[in-house]
Amino acid sequence: MARYKEEQSKHIREARRIQILNAALRVFAEYGVEGTKMSMIAKAADLSHGLMYHYFESKEELLTHSLLWAMEGADQLIEEVRASSANPLDKIAHFTRSAISAGSHDVFRMIQSCMKHPDLDEETKNLISQTSEKYVSLLVPIVIEGQNREEMIKEDPEMLANLYLTILSGLIADDVNWLHQNLDWNIRMLLRVIQK
């Protein structure tokens, strides 16, 4: 019986941790690093302010854990796109659709917020840099394949990947609600930046 309670307690603790991380992503994305307070995350997670500190000692620790957790999702998306047998434009369209989808856009917005924060610690800067590099390293070979198939413009693949990600991030940072109103059309228009 004690082992069952221990397992149940572990499960509840992990569920709460994920609840907090989800709330942190949303709040950091909405209010930025400077504008976010632990009490705001607690409210978004529907938990007491004091209980938050049983899981994370500070806002900075929560920010780092949120980014690490978000990177796990980014890694899954990257592997999904890499494993796809779709043509290059469809791969990038899938990546774009996933980036705009619920949850993922908060990651993009949170990263942008962090990049604007003047006092970001080195660990967080490195996490953001790694995430950005992962997205670029995903897109560059897809762009090269698209260029070889004469579907994408013949420019420096890394510059095209960075440009595409910058535009996508800018759109997401602004507001994704209007993107969802006509998502397929918006993705087709965005692809025109790199399409031949």
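As the structure is a computational prediction, the values presented were derived from the model and not from experiment.

## Quick notes on the overall build of the protein
Then step 1. In terms of regular secondary structure, the protein is built from 10 helices and zero strands.
Then step 2. In sequence order, the secondary structure elements of the protein are arranged as α-α-α-α-α-α-α-α-α-α.
Then step 3. Projected onto its principal axes, the C-alpha coordinates of the protein cover approximately 60 × 40 × 35 Å.
Then step 4. Burial status across the protein gives 42% buried among its 196 residues.
Then step 5. Within the protein, counting contacts between residues at least 6 apart in sequence, those at least 24 apart form 69% of the total.
Then step 6. Of the side chains in the protein, 22 bear a positive and 29 a negative charge, and the two mean positions are spaced by 4 Å.

## Details of the UniProt feature "DNA-binding region" (unreviewed entry) in the protein
Then step 1. As annotated by UniProt and renumbered to match this structure, "DNA-binding region" (unreviewed entry) occupies residues 37-56.
Then step 2. For residues 37-56, the end-to-end C-alpha separation is 13 Å, with 60% helix and 0% strand making up the annotated structure.

## Some details on helix 5 (residues 88-100)
Then step 1. Counted at 1.5 Å a residue, the expected span for helix 5 with its 13 residues is 18 Å, and the 18 Å between its end C-alpha atoms agrees.
Then step 2. Within helix 5, 10 of the 13 residues are buried, which leaves it mostly tucked inside the rest of the structure.
Then step 3. Sitting at the head of helix 5, Asn-87 places a side-chain oxygen 3.1 Å from the backbone nitrogen of Leu-89.

## Quick notes on the nonpolar core
Then step 1. Residues Ile-92, Phe-95, Leu-139, Leu-168 and Leu-191 are the most contacted members of the largest nonpolar core, which totals 31 residues.
Then step 2. Within the residue set of this core, elements represented by two or more residues are helix 4 (59-83), helix 5, helix 7 (122-148), helix 8 (157-174) and helix 10 (183-191).
Then step 3. Broken down by element, the residue count for this core peaks at seven residues, all from helix 7.
Then step 4. Non-local contacts of Ile-92, meaning those with residues more than four positions away in its chain, are made with Leu-139, Ile-142, Val-143, Met-152, Tyr-164, Leu-191 and Ile-194.
Then step 5. In this structure, Ala-42, Leu-67, Met-71 and Leu-127 belong to the second largest nonpolar core, which totals 28 residues.

## Comments concerning the UniProt feature "domain: HTH tetR-type" (unreviewed entry) in the protein
Then step 1. Under the local residue numbering, the UniProt record ascribes the feature "domain: HTH tetR-type" (unreviewed entry) to residues 14-74.
Then step 2. End-to-end, the C-alpha atoms of residues 14-74 are 20 Å apart, and along that stretch the chain is 82% helix and 0% strand.

## A word on helix 10
Then step 1. Turning to helix 10, its buried residues are Leu-183, Asn-186, Ile-187, Leu-190 and Leu-191. For helix 10, the angular spread of the buried residues around the axis is 135 degrees, confining them to a single face.

## Section: the side chain of Ser-169
Then step 1. Within the fold, Ser-169 resides in helix 8.
Then step 2. The contacts of Ser-169, once residues within four sequence positions are left out, are Phe-108 and Gln-112.

## Observations regarding the packing of aromatic side chains
The geometry of an aromatic ring pair comes down to the distance between the two centres and the angle between the two planes.
Then step 1. What the rule picks out here adds up to one aromatic pair.
Then step 2. Here Phe-95 and Tyr-135 contribute two aromatic rings whose centre-to-centre distance is 5.5 Å and whose plane-to-plane angle is 65 degrees, an arrangement assigned as edge-to-face. Taken together, the positions of Phe-95 in helix 5 and Tyr-135 in helix 7 put the pair 40 residues apart, joining distant regions of the chain. Neither residue differs from the other here; Phe-95 and Tyr-135 are each classed as buried.
Then step 3. Its end group placed over the ring of Tyr-55, Arg-13 keeps NZ or CZ at 4.4 Å from the ring centre.

Each value, and the rule that gives it
- Residues numbered from 1 in each chain as written.
- Predicted model: local features only at pLDDT ≥ 70, side-chain atom pairs only at ≥ 80, totals over all residues.
- Heavy atoms only, no water.
- Helix = DSSP H or I, 4+ residues; strand = E, 2+ residues; numbered from the N terminus.
- Buried < 20%, exposed > 50% of the residue type's maximum accessible area, 1.4 Å probe, protein only.
- Contact = heavy atoms within 4.5 Å.
- Lys, Arg positive; Asp, Glu negative; His and termini not counted.
- Charge placed at Lys NZ, Arg CZ, Asp CG, Glu CD.
- UniProt positions renumbered as here; feature names shortened; annotations may be inferred.
- Expected span 1.5 Å × (residues − 1).
- Polar contact = N/O pair within 3.5 Å; in protein donor to acceptor, adjacent residues only side chain to side chain.
- Core = buried A, V, L, I, M, F, W, Y, C linked by side-chain atoms within 4.5 Å.
- Arc of directions from axis to C-beta.
- Phe/Tyr/Trp six-rings, centres within 6.5 Å; stacked < 30°, edge-to-face > 60°.
- Lys NZ or Arg CZ within 6 Å of the ring centre and 35° of its normal.

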